[in-house]
Amino acid sequence: MTDIDRVLGGIHVGGLQPIIDHISLKAEYNITHILSVIKFQVIPEYLIRKSYTLKNIPIDDDDTTDILQYINETNRFIDSCLFPDETEYDPRKADFKKKPQRGAIYIHCHAGVSRSITFAVAYLMYRYGFNLKTALHAVKRRRPSAQPNENFMAQLKIYEKMGSHYVDENHQLYKQWRLSNSVKLDPTGDEILENDETFKQDEEKKLSEMTEEELSQVFIIRCKKCRQKLASSISLFSTPPS
């Protein structure tokens, strides 16, 4: 039995095995596009030879990978397969819910459980207006093993709070997640210091708008080793803590 499940219309999800087995995705499923969410050493040659339209998102299935940075890109790629040549793609302006899909895509990772499912779920939220719970259920009812890891689920919840349209790099929740993730990746704080501009401009703007009382409540987060400033509390909260 081929490890491929059709989720909705031409959206298929699964693992790497069909690629390894050289399954004819075009002949059997009318698939023309492949979104590979996996770190390939080399893109399988037969995929290129068979003229599939390919996109590779080279990420690991772990507790620190930032998947939000790729969602706008993967949504555009899936759109280009299912709804080619549209004049308007913005889901806030164009409703594709009743529009017939015109292509088929295979979204896969290694096991078809976490990484590929994450991007399939994000697309259902983006294009069909599903909330996270509904989008995940739509995938799980066709592929019961589907379950993004905790890190990916946390980011999908942020995406949902953004409105599930486009990922906004300046959204406060995303900034908070990146700061928290930087500490997880590098407890010394070096990475935060190297990317100081990510938060510096936003902090300066907020500080200039605060009253004296609000300013008195702002606290500084410092490196335990060198006492270098890493961030202030306004990078973590949308309003000063009370």
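The notes below deal with the structure included here. (Residues numbered from 1 in each chain as written. Predicted model: local features only at pLDDT ≥ 70, side-chain atom pairs only at ≥ 80, totals over all residues. Heavy atoms only, no water.)

With the exception of glycine, the majority of residues adopt a negative phi angle, and the majority of peptide bonds are in the trans configuration. Look at Ser-51: it is not a glycine, yet its phi comes out positive at around 65°. By secondary structure assignment, the location of Ser-51 is in the loop between helix H3 (45-49) and strand E4 (53-56). The backbone phi angle of Asp-85 is positive, close to 65°, even though this residue is not glycine. Inspection of the secondary structure puts Asp-85 in the loop between helix H4 (68-82) and strand E5 (105-108). (Helix = DSSP H or I, 4+ residues; strand = E, 2+ residues; numbered from the N terminus.)

With that out of the way, let us pick up the pattern of salt bridges. For the structure shown, the criterion picks out nine salt bridges. Notably, a salt bridge pairs Lys-39 with Asp-60, separated by 3.0 Å at the nearest N-O pair. Taken together, the residues Lys-39 in the loop between strand E3 (33-36) and H3 and Asp-60 in the loop between E4 and H4 connect sequence positions 21 residues apart. Using a relative accessible area of 48% as the deciding quantity, one classes Lys-39 as partly exposed. Of the charged contacts in the structure, one is a salt bridge between Asp-90 and Arg-92, with a shortest N-O distance of 3.0 Å. Asp-90 gets classed as buried once you look at its relative accessible area, which sits at 10%. By relative accessible area, which is 55% here, Arg-92 ends up exposed. Each of Asp-3, Asp-5 and Arg-143 takes part in one network of salt bridges that share partners. (Salt bridge = Lys/Arg side-chain N within 4 Å of Asp/Glu carboxyl O. Buried < 20%, exposed > 50% of the residue type's maximum accessible area, 1.4 Å probe, protein only.)

The subject of this paragraph is the side chain of Arg-178. As for its position among the elements, Arg-178 is in helix H8 (residues 172-185). It is Asp-66 that comes nearest to the buried, bridge-free Arg-178 among opposite-charge side chains, at 5.5 Å. (Lys, Arg positive; Asp, Glu negative; His and termini not counted.)

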